[in-house]
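This is what each chain is made of:
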Amino acid sequence: MLQQTQVATVGPYYECFMRRFPTVEKLARARLDAVLKQWEGLGYYSRARNMHRAAGEILERFGGRLPETKDELLTLPGIGAYTAGAVASIAFGRREPVVDGNVTRVLCRLCRIQDDPKKSAVQKEIWSLAERLLPAARPGDFNQALMELGSEICLPRSPRCDACPLNRMCQARLHGDQAELPIRSARKKIPRYTVVVGVIRKQGRILIDKRKPEGLLGGLWEFPGGKKKRGETLEAALRREIREEIGIRIRIERRLTTVDHAYSHFRIRLHAFECVYVSGAPRCGSCTDIKWVRPTDLNRYAFPAANAEIIRALRAQ
DNA sequence: AACCCGTGGCG
DNA sequence: TCGCCAAGGGT
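About the cut-offs
- Residues numbered from 1 in each chain as written.
- Chains lettered and ligands numbered in written order.
- Predicted model: local features only at pLDDT ≥ 70, side-chain atom pairs only at ≥ 80, totals over all residues.
- Heavy atoms only, no water.
- 1 Å grid on protein atoms, 1.4 Å probe; cavity = no way out; pocket = protein on both sides within 12 Å on 5 of 7 lines; lining within 4 Å.
- Points joined across faces, edges and corners; volume = space filled by probe spheres on them.
- Helix = DSSP H or I, 4+ residues; strand = E, 2+ residues; numbered from the N terminus.
- Core = buried A, V, L, I, M, F, W, Y, C linked by side-chain atoms within 4.5 Å.
- Buried < 20%, exposed > 50% of the residue type's maximum accessible area, 1.4 Å probe, protein only.
- Nonpolar A, V, L, I, M, F, W, Y, C, P; charged D, E, K, R; others polar.
- Near = heavy atom within 4 Å.
- Polar contact = N/O pair within 3.5 Å; in protein donor to acceptor, adjacent residues only side chain to side chain.

Asks: Help me understand the layout of surface pockets, please; the structure alone is not making it clear to me.
Replies: If you roll a probe as big as a water molecule over the atoms, it shows you where there is empty space left. Of the pockets and cavities examined, the second largest pocket occupies roughly 610 Å³. Lining of the second largest pocket is provided by 27 residues; of these, Val-195, Arg-211, Glu-222, Gly-225 and Gly-226 occupy positions nearest its centre. For the lining of the second largest pocket, the secondary-structure elements that each account for two or more residues are strand S1 (192-202), strand S4 (225-227), helix H11 (234-246) and strand S6 (267-279).

Now the structure itself:
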């Protein structure tokens, strides 16, 4: 959960998740849909799918006990260098370093590394540094302290060097360029799309579909729709998408709400329309399941954040 | 190596 | 409104 996600955001999710799946076996035997429902709103849903798979492998290959060595941890889906080091050192007291965004920033400043830390050669250097700095005693505490230093003191924008216990030995601060490190390469421009979806009603029920198991928002439910093409009106785009993807005809009643949303590598403006079913038998184009559900049952399904916003608008009216 | 993959907070 | 960033991993 903590991968690319701040501790404060994870907190409540962790509590609910551990109540629902208190053991590896409970998690392994749960349905993926139930796991995704607990993960709903956290993002990067492949983490949930990987954790579910990992639970199964822990059960089969390790007798239900999480392995303690970094090498064994690395064999589990969703566990990479950082997570393996974190679990081995924090949970099991092994002497393994961790390098996350915080540690990268702290070490780039401490040693005044002026190269792009995304480059693999530089990553190697940072891991090597972290390993050499790591004491034999309480490696987990040391790792957490280093990350905490990064998240609380050695801030990305305006580091609080006055409060930093390492300020006397920080090479970047010695040169006064701590705020410019680590150097970040120019980001690519993010595309923006206009998306239309329909809240389609038929006899008091609403049509939702389940996304493919992999890829963007994999395994989550959504209101059907798709991208608008250039020169197309919103309504025409919606009718086309519903016809192509779901195979039914609808009547568009009115606009429900408009949501601006940013994903990891593009942005959308999402227009949701209230619609009424007209004719045709719903089928799945690229989706894997499709259902008519009662409005009060929407909360049983895992929706992405932008769709949750639409449900809020639905309840508000 | 370069992409893909969410969401919320912050300035 | 926008870019940046977060206890990264998979392909």
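Asks: How should the nonpolar core be read in this particular structure?
Replies: With 41 residues, the main nonpolar core has Ile-208, Phe-223, Leu-270, Leu-298 and Ile-310 as its most contacted residues. With five residues, helix H12 (residues 305-316) is the single largest residue contributor to this core. By size, the runner-up hydrophobic cluster in this structure holds 23 residues, among which are Val-98, Leu-146, Cys-154 and Cys-170.

Asks: Got a minute to help me understand empty space enclosed by the protein in this structure?
Replies: What the rule picks out here adds up to one cavity of 30 Å³ or more. As a volume, the largest cavity reaches approximately 120 Å³. In this structure, the largest cavity is lined by 13 residues; those nearest its centre are Arg-109, Cys-154, Cys-164, Leu-166 and Cys-170. Here the lining of the largest cavity gets three residues from one element, more than from any other, and that element is helix H7 (residues 101-110). Split into classes, the residues belonging to the lining of the largest cavity amount to 10 nonpolar, one polar and two charged.

Asks: What is the right way to read the protein's contact with DNA strand C from this model?
Replies: In the vicinity of DNA strand C, 28 residues are found, and the nearest of them are Leu-2, Gly-78, Thr-83, Asn-102 and Arg-105. In this structure, a phosphate oxygen belonging to DNA strand C sits 3.5 Å away from a main-chain N or O atom of Ala-81. Here Arg-267 contributes a side-chain N or O atom positioned 3.5 Å from a base nitrogen of DNA strand C. Of all the secondary-structure elements, those providing two or more residues to the surface near DNA strand C are helix H6 (81-91), H7, helix H9 (139-152) and S6.

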